[in-house]
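Spelled out from the first residue to the last, the chains are:
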2 protein chains.
Amino acid sequence: MAGTQVSIRIDLENGGRIGPGKIALLEAIRNTGSITAAARSIHMSYRRAWLLVDELNKLLSEPVVTTTTGGARGGSTTLTPVGEKTVALYHLIEARTRAAARTEFQTFRTSMRR
Amino acid sequence: MAGTQVSIRIDLENGGRIGPGKIALLEAIRNTGSITAAARSIHMSYRRAWLLVDELNKLLSEPVVTTTTGGARGGSTTLTPVGEKTVALYHLIEARTRAAARTEFQTFRTSMRR
């Protein structure tokens, strides 16, 4: 069970959820500079990507992405400080969770695989 | 953000996933003694409950529930030792995760709500 892993989902008190899908999308936007390219890079439809970004923007106190229009490259989309903080926080909690769960996975393996 | 909480999902190396829904179902089966009553108590369709139990039985090395037929009460369904271990392990990792995440949620609150 070496490949067993734990994922986390943050359930906000306003009913919003932040899980691996939304975080992967934000990171893809950071890497590609556009929602269209980000969606493509993680095999997600543009429509779904746009809906998830819109949901995140409404969940948090400030938008998670910002788009500059015009310019030679036709504008680009980047993460805002709140977007960056959300990604960083998620990975921090994820890392702590994985460290904490390591011992229990070992227990799981020995008790489940006989 | 006092109500903010973290949920975990265990991704097994065989592709199986164990998250809050399956664990709630197992606990409901333990409490009610039947898949039908368990599904009703957590507002899940019987079909979905049956499919989730079947999936868990196939994911793990042994079945998670066992059904005794006949008798005055018409039989009952209970968790097997592997079913009980799965529930206990899930809550152990969940508790460790929540303890580890507490500090980070505090950071989240101060940075997000202005």
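Just so you know, these numbers come straight off a predicted model, no measurement behind them.

### Some points on the side chain of threonine 77 of chain A
All names here are of chain A.
Line of reasoning, step 1. Turning to its location among the elements, threonine 77 is positioned in strand 4 (residues 76–79).
Line of reasoning, step 2. By relative accessible area, which is 8% here, threonine 77 ends up buried.
Line of reasoning, step 3. A polar side-chain atom of threonine 77 sits 3.0 Å from a polar atom in the side chain of threonine 67.
Line of reasoning, step 4. Not counting residues up to four positions away in its chain, the partners in contact with threonine 77 are Ile29, Gly33, Ser34, Ile35, Val65, Thr66 and Thr67.

### Some thoughts on the interface of chain A and chain B
Line of reasoning, step 1. Tallying the contact residues gives 35 residues for chain A and 35 residues for chain B.
Line of reasoning, step 2. Roughly 3,200 Å² is buried in total at the junction of chain A and chain B, and carbon and sulfur atoms are behind 59% of that figure.
Line of reasoning, step 3. In this structure, the connection of chain A to chain B is made through 0 salt bridges.
Line of reasoning, step 4. By residue number, the principal contributor to the side of chain A that touches chain B is helix 4 (residues 81–112) of chain A, which donates 15 residues.

### Here we look at the confidence of the model for chain A
Line of reasoning, step 1. For chain A, per-residue confidence averages 87 on the pLDDT scale, and 89% of positions sit at 70 or higher.
Line of reasoning, step 2. Summarising per-element confidence for chain A, the mean pLDDT is lowest in helix 4 of chain A (81) and highest in helix 1 (residues 20–32) of chain A (97).

### What about the sheet that holds strand 2 (residues 17–18) of chain A?
Line of reasoning, step 1. Spatial strand order, 2(A)-1(A)-1(B)-2(B): 4 strands in an open sheet with antiparallel pairing. Here the strands that pair on one side only, and so sit at the sheet edges, are strand 2 of chain A together with strand 2 (17–18) of chain B.
Line of reasoning, step 2. Bridging between strand 1 (residues 5–11) of chain B and strand 2 of chain B involves 2 bridges; their strand directions are antiparallel. Residue pairing in the sheet places aspartate 11 of chain B in a bridge with arginine 17 of chain B of strand 2 of chain B.

### Examining helix 3 (residues 46–59) of chain B
Line of reasoning, step 1. An ideal rise of 1.5 Å per residue puts 20 Å on 14 residues; helix 3 of chain B measures up with 20 Å between its terminal C-alpha atoms.
Line of reasoning, step 2. Buried positions along helix 3 of chain B lie against strand 2, helix 1 (20–32), helix 2 (35–41) and strand 3 (65–68) of chain B.

### Considering the relation of the copies chain A and chain B
Line of reasoning, step 1. Superposing chain A onto chain B requires a rotation of 180 degrees together with a translation of 0.0 Å along the rotation axis, leaving an RMSD of 0.0 Å. The operation mapping one copy onto its partner corresponds to a two-fold rotation axis.
Line of reasoning, step 2. Most of the interface of chain A is mirrored in chain B, where 100% of its interface residues are also at the interface.

### What to know about the environment of serine 61 of chain A
Line of reasoning, step 1. Within the secondary structure layout, serine 61 of chain A lies in the loop between helix 3 (46–59) and strand 3 (65–68).
Line of reasoning, step 2. Sequence spacing of serine 61 of chain A and valine 82 of chain A is 21 residues, and the spatial spacing of their C-alpha atoms is 8.3 Å.

### Regarding the side chain of lysine 22 of chain B
Residue and element names in this part refer to chain B.
Line of reasoning, step 1. Turning to its location among the elements, lysine 22 is positioned in helix 1.
Line of reasoning, step 2. Among the polar contacts listed, one links the side chain of lysine 22 to the side chain of glutamate 55, at a separation of 2.8 Å.
Line of reasoning, step 3. If we skip the residues at most four places from it in the chain, lysine 22 touches Arg17, Leu52, Glu55 and Leu56.

### Notes on the pairing of strand 1 of chain B
Each regular strand displays side chains that alternate between the two surfaces of the sheet.
Line of reasoning, step 1. Judged by how many residues are buried, strand 1 of chain B sits mostly within the fold: 5 of 7 residues are covered.
Line of reasoning, step 2. In this structure, the hairpin formed by strand 1 of chain B and strand 2 of chain B is closed by a connection of 5 residues, where glycine 15 of chain B is found at a positive phi of approximately 95 degrees.

### Some thoughts on the pattern of salt bridges
All names here are of chain A.
Line of reasoning, step 1. Tallying each qualifying case throughout the model produces 12 salt bridges over all chains.
Line of reasoning, step 2. Note that lysine 58 and aspartate 54 form a salt bridge whose closest N and O atoms lie 2.8 Å from each other. Placement of the pair is lysine 58 and aspartate 54 together in helix 3, with a separation of 4 residues, close to one helical turn.
Line of reasoning, step 3. Taken together, the salt bridges that share partners define one network made up of Arg9, Asp11 and Arg17.

### Quick notes on unusual backbone geometry
Glycine aside, the phi torsion of most residues is negative, and most peptide linkages are trans.
Line of reasoning, step 1. In this structure, histidine 43 of chain A is a non-glycine residue whose phi angle is positive, near 55 degrees.
Line of reasoning, step 2. Here histidine 43 of chain A is to be found in the loop between helix 2 (35–41) and helix 3.

### Comments concerning the layout of surface pockets
Line of reasoning, step 1. Estimates place the volume of the largest pocket at around 420 Å³.
Line of reasoning, step 2. Lining the largest pocket are 18 residues, and of these Ile8, Arg9, Gly19 and Pro20 of chain A together with Arg9 of chain B lie nearest its centre.
Line of reasoning, step 3. At the level of elements, strand 1 (5–11), strand 2, helix 1 and helix 3 of chain A together with strand 1 and helix 1 of chain B are the ones that each hand at least two residues to the lining of the largest pocket.
Line of reasoning, step 4. Considering only residue class, the lining of the largest pocket consists of 6 nonpolar, 6 polar and 6 charged.

Rules and cut-offs
- Residues numbered from 1 in each chain as written.
- Chains lettered and ligands numbered in written order.
- Predicted model: local features only at pLDDT ≥ 70, side-chain atom pairs only at ≥ 80, totals over all residues.
- Heavy atoms only, no water.
- Helix = DSSP H or I, 4+ residues; strand = E, 2+ residues; numbered from the N terminus.
- Buried < 20%, exposed > 50% of the residue type's maximum accessible area, 1.4 Å probe, protein only.
- Polar contact = N/O pair within 3.5 Å; in protein donor to acceptor, adjacent residues only side chain to side chain.
- Contact = heavy atoms within 4.5 Å.
- Buried area = accessible area lost by both parts, 1.4 Å probe.
- Salt bridge = Lys/Arg side-chain N within 4 Å of Asp/Glu carboxyl O.
- pLDDT = per-residue confidence, 0-100.
- Pairing = 2+ DSSP bridges.
- Expected span 1.5 Å × (residues − 1).
- Least-squares fit on C-alpha atoms with pLDDT ≥ 70 in both.
- 1 Å grid on protein atoms, 1.4 Å probe; cavity = no way out; pocket = protein on both sides within 12 Å on 5 of 7 lines; lining within 4 Å.
- Points joined across faces, edges and corners; volume = space filled by probe spheres on them.
- Nonpolar A, V, L, I, M, F, W, Y, C, P; charged D, E, K, R; others polar.

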